[in-house]
Amino acid sequence: MIDFARNVRLWFSPAEVRDDGETPDYRFSLANERTFLAWLRTALALIGGGFAVDQFLPGLRWGWRVGLALALLASGALCALRAVNHWVRCERAMRRGEDLPVSRFPALLGVVVAGVAVVMVVVVLLGWEG
Amino acid sequence: MTPGLLGERDPGLQPERTRLAWRRTTLASTVVAVLAGKAGVAGGASGDVLAAGVVCCAGWAGMLVVAHRRIRGLAGGGEPERLSLGYAAGVVVCVLLTVGGGVGVVLW
């Protein structure tokens, strides 16, 4: 949690990141940038999924439909925030010559997406339409 | 890696790949904006939904602007600019705007 607060502070003080350690090969920075963008696309896919649930499952009960849509939208927002946080951490680790940060977020997200998919299959198969 | 002279290219095509990654990201955000528009139209064009749709569109437009400026930064000869924290944070703020508008579209 303290780490997270420190990272948030870094988002708003870019000079601090730049002054830290040595500038890595630009190719590494670009690779880090592409990873960041890939996570952003994941976030956008989750958000799009939220809109799709809201739009294309009109037979679903209101609570289920809105709940699922909001959960997907929220997970998209979380994913985007985490993307920029992870990008900063990687950039800083590269500047300092440290190991890249590890994260359990990909595994967690995988489990959540699998869970939502299973719930959707069950909902559609059992026809819990209102 | 010395900063290349104009015309000297990175054989790994890193700037080009990064540019295409930005393009893919804007494409994904366009799809999301279209889905949001569809949701807004289906929800009836009440004032609330319209306002939420405008917030969504602002997020999409902001992302296009950031991507355009970033791609221009990559396009120059020699060693490309690095992604600045401002752009990274800006693009995430745009995604969050889309989410904020999306919550409005879904709820109202």
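Residues numbered from 1 in each chain as written. Chains lettered and ligands numbered in written order. Predicted model: local features only at pLDDT ≥ 70, side-chain atom pairs only at ≥ 80, totals over all residues. Heavy atoms only, no water.

## Here's the deal with the confidence of the model for chain B
Here chain B averages 86 in pLDDT, and 91% of its residues register 70 or above. Counting interchain partners and residues more than four positions distant, the pLDDT-below-50 stretch residues 1-5 of chain B has seven contacts. (pLDDT = per-residue confidence, 0-100. Contact = heavy atoms within 4.5 Å.)

## A short note on the pattern of salt bridges
In this structure the tally under the stated criterion is five salt bridges over all chains. Among the ionic pairs, A:Glu33 bridges to B:Arg70, the shortest N-O distance being 2.7 Å. Here A:Glu33, found in helix H3 (residues 26-56), pairs with B:Arg70, found in helix H2 (residues 47-75), and the two come from separate chains. A single burial state applies to A:Glu33 and to B:Arg70, both of which are buried. (Salt bridge = Lys/Arg side-chain N within 4 Å of Asp/Glu carboxyl O. Helix = DSSP H or I, 4+ residues; strand = E, 2+ residues; numbered from the N terminus. Buried < 20%, exposed > 50% of the residue type's maximum accessible area, 1.4 Å probe, protein only.)

## Points about the interface of chain B and chain A
Chain B puts 41 residues into the contact, and the matching count from chain A is 35 residues. Together chain B and chain A conceal approximately 3,400 Å² of surface at their shared face, both sides included; 77% is due to carbon and sulfur atoms. Counting the surface chain B buries against chain A, the share from its top three residues, B:Arg82, B:Leu85 and B:Val106, is 21%. The tally of links from chain B across to chain A stands at nine residue pairs in polar contact (both at pLDDT 80 or more). Looking at the side of chain B that touches chain A, the elements that each hand over two or more residues are helix H1 (14-42), H2 and helix H3 (85-107) of chain B. A per-element tally of the side of chain B that touches chain A places H1(B) first, with 16 residues. Here the side of chain B that touches chain A is composed, by residue class, of 26 nonpolar, seven polar and eight charged. (Buried area = accessible area lost by both parts, 1.4 Å probe. Polar contact = N/O pair within 3.5 Å; in protein donor to acceptor, adjacent residues only side chain to side chain. Nonpolar A, V, L, I, M, F, W, Y, C, P; charged D, E, K, R; others polar.)

## Things to note about empty space enclosed by the protein
Scanning all chains against the criterion turns up one cavity of 30 Å³ or more. For the largest cavity, the calculated volume is near 60 Å³. Forming the boundary of the largest cavity are A:Leu44, B:Ser29, B:Val32, B:Ala33, B:Cys56, B:Gly59, B:Trp60, B:Met63, B:Cys94, B:Val95 and B:Thr98. Of all elements in the fold, only H1, H2 and H3 of chain B reach the threshold of two or more residues within the lining of the largest cavity. Counting residues per element, the lining of the largest cavity draws most heavily on H2(B), at four residues. Split into classes, the residues belonging to the lining of the largest cavity amount to eight nonpolar, three polar and no charged. (1 Å grid on protein atoms, 1.4 Å probe; cavity = no way out; pocket = protein on both sides within 12 Å on 5 of 7 lines; lining within 4 Å. Points joined across faces, edges and corners; volume = space filled by probe spheres on them.)

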